[in-house]
Amino acid sequence: MAKGRTNKLATVIKGTGHASSLTDQGKHFEISHDRRSIDKRLLEASAVVAVPLLFAISGIAIRYAAFASVSAEPDFESYARALCRWDCHWYVDISELGYESFPIPNQSNVGRWGFFPLYPMLVAGIRTVFPFPTILVASITSIACSYAACLVAWPLFGKNMRAYVLYCAFLLSGPFSFHFTTFLTEPLFVLLTSCVFLALKRSNYLVAGVSSALLSATRLVGVLVVFATAIQMFQQHRGQGNTALSFPRWLLSRPDLLVAILISPAGLFAYILFLYVTVGDGFAFLHVQRAFGRVAGNPLLFLWDGLSAVPTTGWLPTAPQWSALAALTGLALSVVLAVRGQYGAGLFCAVCIILPLITNLASMVRYVIGLAPLIMLMAILLSASKLIWLAILVLFLGACYFMTMAWIGGYLALV
């Protein structure tokens, strides 16, 4: 009988030891799984940070090689000045001298008021801390903004690394990368646009409102992003099972949403107030457009005139044709965004193209490639096939050299 009790006790001890062993194995498996998960996240975060950094470095090298092929001055400041073309000079003047009063005796009637103040103010503020030439400070700031725009865009790609790589390559080493690395508003505009849509994706409407306010102080069309915010709010309301008719009442019951909408045009209103106080015309940024040759007309007629401006020699499209094709491509991609359920982004991009198109086709290529949702969509579509993705990536890097030379040479389609 004692022997039976001893056997039972041994069995219990053995069973307890076996259960303890299983528990230890389970804990070890959980720790190993957690460690692998952490390692995977760290690897992903490292790639997200490193990819745009590599393209920023390669972009500088490619654009500098293009500059060096046509210039005898090897220093970086000369390189930065060579890339400062067209509107870049206006932003340098605003950053250094501010806006003029009116009238200006014995000077041009084309004032600086058509160029919005946020980016020149940012560069001027940085220059007070780092007292280097304005164009150097602006070029480094533009590269930093474009780099930050890539990081902000990563969550919007839904962990699509191929599309993310293509997007970073386009901004920092692509055929139009000079637009995002010199003193133009595109770097800040793309960054703030990405901030707005990331905030909307996360339903953080106050952050979206602040980003929208800054966007409206960067370029006139930035104020239009408020429609994307309103559409996102409406979609959230409908997603909760509510009716469309109850949306106004629901909106009025949410002070945070009302604040987000009301502060969105704050940057534009502040600029209007500034112009009214200093110039006497709050809408000087609109009225001065006539001096730049921008007069309201029929956008369809502008498109037709652009497409019909056939080259007199050779087969390459003319500058007006490139501008018209860019506008049509941008509008087509806006429709694709809407079809894919991104109604706010699609509407925002379409209106940002149509509004300047009402005056003429000038700078249309730059306006289209500066719309972050369109470039993200393009990156997603072109990364569906690994072979196509690789070919486009190589094309971007190669085209960067030749397009930079065209930019330095003053090719009108790139203005």
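Residues numbered from 1 in each chain as written. Predicted model: local features only at pLDDT ≥ 70, side-chain atom pairs only at ≥ 80, totals over all residues. Heavy atoms only, no water.

Draft legend 1. Spotlight on unusual backbone geometry. Phi at Trp86 is positive, roughly 55°, even though this residue is not glycine. Here Trp86 lies in the loop between helix 2 (76-83) and helix 3 (87-97). Assessed through its relative accessible area of 32%, Trp86 is described here as partly exposed. Look at Lys159: it is not a glycine, yet its phi comes out positive at around 65°. By the element assignment, Lys159 lies in the loop between helix 5 (134-153) and helix 6 (161-173). (Helix = DSSP H or I, 4+ residues; strand = E, 2+ residues; numbered from the N terminus. Buried < 20%, exposed > 50% of the residue type's maximum accessible area, 1.4 Å probe, protein only.)

Draft legend 2. Region of interest: the nonpolar core. Core analysis: the largest hydrophobic core is formed by 113 residues, its most contacted members being Tyr167, Phe170, Leu171, Phe183 and Phe348. With residues up to four places along the chain from it excluded, the contact list for Tyr167 reads Ala149, Cys150, Ala153, Phe157, Val190, Ser194, Ala372, Ile375, Met376 and Ala379. (Core = buried A, V, L, I, M, F, W, Y, C linked by side-chain atoms within 4.5 Å. Contact = heavy atoms within 4.5 Å.)

Draft legend 3. Just the state of the cysteines, in detail. Within the structure shown, the criterion is met by one disulfide. Bridging Cys84 to Cys88, the disulfide has an S-S length of 2.0 Å. Across the S-S bond of Cys84 and Cys88 the torsion is about -105°, and the bridge reads as left-handed. Classification of Cys84 by relative accessible area gives buried; the value is 6%. Residue Cys88 is classed as buried on the basis of its relative accessible area, which comes to 0%. Left without a disulfide partner, Cys145 is nearest to the cysteine sulfur of Cys195, which lies 9.8 Å away. Relative accessible area serves as the criterion here: at 21%, Cys195 is assigned to the partly exposed category. (Disulfide = S-S within 2.5 Å.)

Draft legend 4. Examining the side chain of Thr404 more closely. Locating Thr404 in the fold gives a position in helix 19 (residues 386-408). By relative accessible area, Thr404 is classed as buried at 0%. Only 2.6 Å separates the side chain of Thr404 from the backbone oxygen of Cys400, close enough to count as a polar contact. With sequence-adjacent residues up to four places away left out, Thr404 is seen in contact with Arg63, Ala66, Leu83 and Phe178. (Polar contact = N/O pair within 3.5 Å; in protein donor to acceptor, adjacent residues only side chain to side chain.)

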